[in-house]
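A structural walkthrough
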Amino acid sequence: MNNRKQQWILAVVLASLLALVIGCGKKKQPPPPPPPPPKPPTATLSANPTSIQRGQSATLTWSTDNASDITLDGNKVDASGSQSVSPTNTTTYHLNAKGAGGSQDATATVNVAEPPPPTPTPAPPPSLTDDQLLAQALTEIFFDFDKSDLRPEAQQALSKAAPVITAHPTWQVRIEGNADERGSSMYNLALGDRRANAAQQALVQAGVPASQLKTVSYGKEKPVCTESNEDCWQKNRRDAFVLVH
Amino acid sequence: MDKMKRMLFAVVVGLGALASTAGAQQDRIRIELNMGQQRPRLAAPDFHAANADPQTAPLNTAFNETLWSDLDNAGIFDMVARSFYPLKTPGTPNELQASVWSNPPPNAGVLTFGNLGVNGGKVDVQGWLFDVKNAGSPAILGKEYREDATVDNARLIAHRFANEIIARLGAGIPGIAESKIYFISTRSGAKEVWMMDYDGANQKQLTHHGGIALSPQVSPDNSRVAFSGLSKDSWQIMMYSMDLGRLVSFPRFGGDNYSPAWSSDGTKIAFASTMGQGTSGIFVADASGAGAKRLTSGHSDVSPVFNPKTNGQIAWVSGRSGLPQIYIMDSDGSNVQRVTDQGYAVSPCWSPNGLLLAFSWNRKYGPGLPGGQDIYLMDIVSKQFVQLTHDAGTNDFPSWSPDGRHLVFESTRSGSAQVWSMLADGTHQQQLTRSAKNTQPNWSSK
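Residues numbered from 1 in each chain as written. Chains lettered and ligands numbered in written order. Predicted model: local features only at pLDDT ≥ 70, side-chain atom pairs only at ≥ 80, totals over all residues. Heavy atoms only, no water.

1. Regarding the confidence of the model for chain B
All names here are of chain B.
- Averaged over chain B, the pLDDT score is 90; the fraction of residues at 70 or greater is 91%.
- Here residues 1-30 is a poorly scored stretch, pLDDT under 50, and it has 66 contacts once near neighbours within four places are set aside; other chains count.
- Model confidence for the complex is summarised by a pTM of 0.77, with the ipTM given as 0.89. (pLDDT = per-residue confidence, 0-100. Contact = heavy atoms within 4.5 Å.)

2. Quick word on the environment of Asn236(A)
Residue and element names in this part refer to chain A.
- Mapped onto the elements of the fold, Asn 236 is located in helix H5 (residues 230-236).
- When residues no more than four places from it in sequence are discounted, the contact partners of Asn 236 are Asn 178, Ala 179, Asp 180, Pro 223, Val 224 and Cys 225.
- Within the structure, Asn 236 has its side chain in polar contact with the backbone nitrogen of Val 224 (distance 2.8 Å). (Helix = DSSP H or I, 4+ residues; strand = E, 2+ residues; numbered from the N terminus. Polar contact = N/O pair within 3.5 Å; in protein donor to acceptor, adjacent residues only side chain to side chain.)

3. Focus on the side chain of Thr433(B)
All names here are of chain B.
- Inspection of the secondary structure assignment puts Thr 433 in the loop between strand E31 (430-431) and strand E32 (438-443).
- The exposure class of Thr 433 is buried, given its relative accessible area of 0%.
- Among the polar contacts listed, one links the side chain of Thr 433 to the backbone nitrogen of Val 419, at a separation of 2.9 Å.
- Of the polar contacts made by the side chain of Thr 433, one reaches the side chain of Asn 438; its length is 3.4 Å.
- For Thr 433, the contacting residues outside a window of four places in its chain are Phe 183, Arg 187, Met 196, Gln 203, Gln 418, Val 419 and Asn 438. (Buried < 20%, exposed > 50% of the residue type's maximum accessible area, 1.4 Å probe, protein only.)

4. Quick look at the interface of chain A and chain B
- Counting from both sides, the interface comprises 23 residues of chain A and, opposite them, 37 residues of chain B.
- Around 2,200 Å² of area is buried between chain A and chain B when both sides are counted, 60% of it from carbon and sulfur atoms.
- Our count for the contact surface shared by chain A and chain B stands at two salt bridges.
- Here Lys191(B) ties to Glu221(A) by a salt bridge, and the two come within 2.8 Å at their closest N and O atoms.
- Where chain A meets chain B, there are twelve residue pairs in polar contact (both at pLDDT 80 or more).
- Mapped onto the side of chain A that touches chain B, the elements with two or more residues apiece are helix H4 (185-205) and strand E11 (213-219) of chain A.
- Ranked by residues supplied to the side of chain A that touches chain B, first place goes to H4(A) with ten residues. (Buried area = accessible area lost by both parts, 1.4 Å probe. Salt bridge = Lys/Arg side-chain N within 4 Å of Asp/Glu carboxyl O.)

Below, the structure written as structure tokens:
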């Protein structure tokens, strides 16, 4: 490019710039009114009730205005609404409403009280299976009047039960000797001990470790039947077998 | 029969002599309770009210009822019926006309009289005992008492005065009017140890054990009551302190342990235990429970009792020969002898003089057999016996009074088990308890 050509371009550019500057000055108008500033959002949040016991629930109710982006504890929610909550500890809920006009927060606290001490839960039900197992094998045996000799069927029952007891080395079986209402209460204690002992000896003989067995006499102090007739007396002349828990 | 009477005569001499009642039933034998002396014919008119204090009348009523009952219960007096008394009775010696009492109709040999008055919250009692046949020096006894004015104290004074009269006229053997009876009652809902006065008054609960309490036995010094208690999974000997009003510790033994009994010097306790064997044998330990030692290898041995005269022998019950029988051995376990020969014999209790056993016996015991469980006395040397209760319910657990003239026992004759007492000759049977079931009485030894 030669010098002349450059001068020419420069002149054209300058002229154009000038024309532009002049032209602009001619068109000057008032600026448009600024848009009204957006209203700031409002937000309210309340809890009802404000105090609960653990496990109960409370209702959170909120409303907002002028907000497009509403979150309750970070979760998007509608502009107004309600929601049930069951906090396990005292919790402050946080409502945030964002809009063109800004951001507004509201909080509500649900106080959680310790529940009253639970009604003592009954001891875990005794290991029913074990009880049932023992009961299947052996519940009671019966005796003749004033006797502690084992009847044949009692002997059989004990032989049958022995391996079941032996197979459960954690079992403790209490043998409870009983007598009918006749006779003297102190001698009946002695008789009950003899009856319990007779069953214990037979079980040990059948292989049950003595350490799994324990005896007690109830004499005539804990009858299962209280009428004064032979049916009832027979029911009371017994050893009962009970799993000790 | 004559031989039996003679045997018993010899035996009961320390207590009194035996005489037969003419035409009496085979084994109904009358025991003379006053050492063979004639029974004094005693008149006991009501004490006079000494003043008009409003408390005087009710206390005097309680006093008069108690004094009469004590003298009548003593078993050593021929009480002159009140209907024979003159209209005017004395309240002080200068009001006494002895001849009015010593002649028929009262025909009394001895007369007790006096007066009672409440003064400023205290009850004052003056009492006398006069030998009305002895014109020269009739006064045998004159006593004065003063206590806080309560009905209980009026009864207590009557007991003390009765004891004085009984000691004077009853061969020097102290009266029992202040003795106590321990027993088992269900009236709290469970079997607990209770106590009462010897005449059934002042019944009160001692233990609150909550399990089952049986066979209370008070120590010779009345400071502790041993009993059998079902606790957790076994029977254990338990000890209640009368001084502390609560249970005090006593060793737990293995197995079941029951029917404790004190030696009369309070140093030993005999009891039945299954420890070590599974069936119950008789053991003896120190009163603390230390040094328990086996005396018998058991086949349901139970209910040991020391001979209180010597502590050298023990009577007890054993099922070793089948139905329970009474046995005797030396206190070291030697010299075992069987005492009863048939039926169902339990609950021995040795008389204070060591000569007789009271026990409960059904001589024809067995399913379908007739016969009752009755209280008997047996001379341990001759094995002669007398039956004291007849045809009236089941009778068990006899226990001797400290003077050896009475027995307390359990009977079902009223329809439920209750505590009764009687004279040792079987007369004067009276019911002492009524509420709920009351069993296994034990009479204090003083």
